[in-house]
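Chain and residue survey
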Amino acid sequence: EVDGTFLFHEHLEAQGIIFYDTQVDRLSGKWVSVRTQDDYSILFDPTGNVDEQAQRLEAVMKNKIDDPSLLEYIDLRFGDHVYFK
């Protein structure tokens, strides 16, 4: 989990996404979230394929999100599906 988290951090940096902290909530199961500079969360699974999750994040940011500051979260934990609000 730690290696997957650091790998995801590297992907965020490569995509130019500035983040401040990472939260891990064991009570809710596999709930790992990164808080970004634009004040939205990115939820991901550090035990899953982090490279694929980062690719999906990049695609959503380029093709679907016009203004990241309006986001509350992006959830990458569910395979090919990306949820955002």
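Residues numbered from 1 in each chain as written. Predicted model: local features only at pLDDT ≥ 70, side-chain atom pairs only at ≥ 80, totals over all residues. Heavy atoms only, no water.

1. Focus on the pattern of salt bridges
To keep it simple, the criterion reads: Salt bridges are defined by distance alone: a side-chain nitrogen of Lys or Arg within 4 Å of a carboxyl oxygen of Asp or Glu. Three labels apply to residues, based on accessible area from a 1.4 Å probe with only protein chains included: buried if under 20% of the type maximum, exposed if over 50%, partly exposed otherwise in between.
All told, the structure shown has three salt bridges when counted by the stated rule. Across the pair Arg-35 and Asp-39 runs a salt bridge, and its minimum N-O distance is 3.2 Å. By relative accessible area, Arg-35 is classed as partly exposed at 27%.

2. With respect to the pairing of strand β4 (residues 73–78)
Stated precisely, the cut-off is as follows: Criterion used throughout: strands pair if DSSP finds at least two bridges between them. Here a helix means four or more residues in a row that DSSP labels H or I, a strand means two or more in a row labelled E, and each is numbered from the N terminus.
The sheet contact formed by strand β3 (residues 41–44) and β4 spans three bridges and is parallel. Following the sheet pairing, Ile-42 is matched in β4 by Ile-74. Of the pairings in the sheet, the one linking β4 to strand β5 (residues 81–84) comprises three bridges and is antiparallel in character. By the bridge assignment for β5, Ile-74 is matched with Phe-84. Hairpin connection between β4 and β5: a loop of two residues separates the two successive antiparallel strands, and Gly-79 in this loop has a positive phi of roughly 60°.

3. Thoughts on the environment of Leu-76
Rule in force here: Any two residues whose heavy atoms approach within 4.5 Å are treated as being in contact.
With respect to the helices and strands, the residue Leu-76 is situated in strand β4. Through-space distance from the C-alpha of Leu-76 to that of Asp-51 is 11 Å; in sequence the pair is 25 residues apart. Filtering out sequence-adjacent residues up to four positions away, Leu-76 remains in contact with Phe-8, Ile-42, Leu-43, Gln-53, Arg-56, Leu-57 and Val-82.

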